[in-house]
Amino acid sequence: MSRGSLAGHPGFAEISPEVGVLDADAFDAALAERPDETLELLVEMTRATDTALRTAARRLAGRVVLDIGRSGRVTRRGIGRLRAVPADRGGDLDLDASLGAVADARAARRPLGLDELTARTWARPALALCLVVDASGSMNGSRLATAALTAAACAFRAPGDHAVLSFAAETQVLRDMDSGRPASAVVDRVLGLRGHGVTALAGALRAAAAQLERTRAQRKVVVLLSDCRATDDQDPVPVARRIPELVVLAPGDDAEQAADLAARAGARWAPVAGPSDAPEALVSLLGGGS
């Protein structure tokens, strides 16, 4: 995108007063005053023809998106944590923790019960998320910023157990459920998305369900970021109904189909007026205490 095209955005002249320059202080001031417009501009600058500006914008976008996406309480690590359980419930025997029980049984000259020994086993993670980003239309600054912020919010809500998919005619995996890819790298991949034509929503939801089958989390949620207007010949409703928990974030000015899908599939949904609303909307749909 040329400087001439970017110049039409409010605040661009202050944020980038000359070729190759990105003024971080001016950006922060604009972000505080006009968050959505400034986020859209930042994403547009990540595609600038000015190489130096594009590089600086990409670096700044990663930091800003992660900072804003951090909204909401971070759950415990998705990989789980070791917890102590009686050995008759399985797990690996903890010799140190079991010595007292062994000594007591010997002193009393009685058999040692398995339930008196201590084992260690992995606790199940509380939450797993699979974000599904609709990339079938034009991926402009607003849509990309919303998608990137939602991806960051998912990463902070379920650090170990989250996947990110994008879809148009085909579904693309940006982060596998089993991947160790950091949030910053996933956000960068989301910002690189380009729009396509057909909206194959049913196939994307099936792929999301398959991702969630690979986690041991207690709660498994598909987060769909879309207007839910499927344009292929597959009805997404039967697939959506089979997903244990589906939440939908829809464009605030184009939410009719999303509301209809949610009603027919038993899902929850919320409109997103602008990119900066996405993390809070996600937290609200998931429940603040989850």
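Conventions we followed
- Residues numbered from 1 in each chain as written.
- Predicted model: local features only at pLDDT ≥ 70, side-chain atom pairs only at ≥ 80, totals over all residues.
- Heavy atoms only, no water.
- Pairing = 2+ DSSP bridges.
- Helix = DSSP H or I, 4+ residues; strand = E, 2+ residues; numbered from the N terminus.
- Axes fitted to C-alpha atoms, helices over the stretch in contact; angles between N-to-C directions.
- Buried < 20%, exposed > 50% of the residue type's maximum accessible area, 1.4 Å probe, protein only.
- Contact = heavy atoms within 4.5 Å.
- 1 Å grid on protein atoms, 1.4 Å probe; cavity = no way out; pocket = protein on both sides within 12 Å on 5 of 7 lines; lining within 4 Å.
- Points joined across faces, edges and corners; volume = space filled by probe spheres on them.
- Nonpolar A, V, L, I, M, F, W, Y, C, P; charged D, E, K, R; others polar.

It is worth spelling out the sheet that holds strand β8 (residues 246-251) at this point. Here we have six strands laid out as an open sheet, ordered β6-β5-β4-β7-β8-β9, and mixed in their pairing. Each end of this open sheet is capped by a strand with a single partner; those strands are β6 (171-175) and β9 (268-272). Strand-to-strand twist in this sheet, taken as the mean axis angle between neighbours without regard to direction, amounts to 20°. Pairing between strand β7 (residues 219-225) and β8: four bridges, direction parallel. Its bridge partner lying in β8, L225 is registered against L249.

The next thing to look at is the environment of G274. When you line up the elements, G274 lands in the loop between β9 and α12 (278-286). Judged by relative accessible area, G274 falls into the buried class, the value being 4%. Sequence separation between G274 and D253 is 21 residues, and the spatial gap between their C-alpha atoms is 9.8 Å. Residues within four places of G274 in sequence aside, it is in contact with D36 and T146.

This part is about the pairing of β6. Pairing of strand β5 (residues 162-167) with β6 involves four bridges; the strand directions are antiparallel. Across the sheet, F167 pairs through a bridge with T171, a residue of β6. Taking the residues between adjacent antiparallel strands as the criterion, β5 and β6 are bridged by three residues.

Below, the discussion takes up the layout of surface pockets. Taken as a whole, the largest pocket spans an internal volume of roughly 410 Å³. In this structure, the largest pocket is lined by 25 residues; those nearest its centre are S142, R143, T146, A250 and P251. Here the lining of the largest pocket is built from residues that sort into 10 nonpolar, nine polar and six charged.

None of this, on its own, says anything about what the molecule does.
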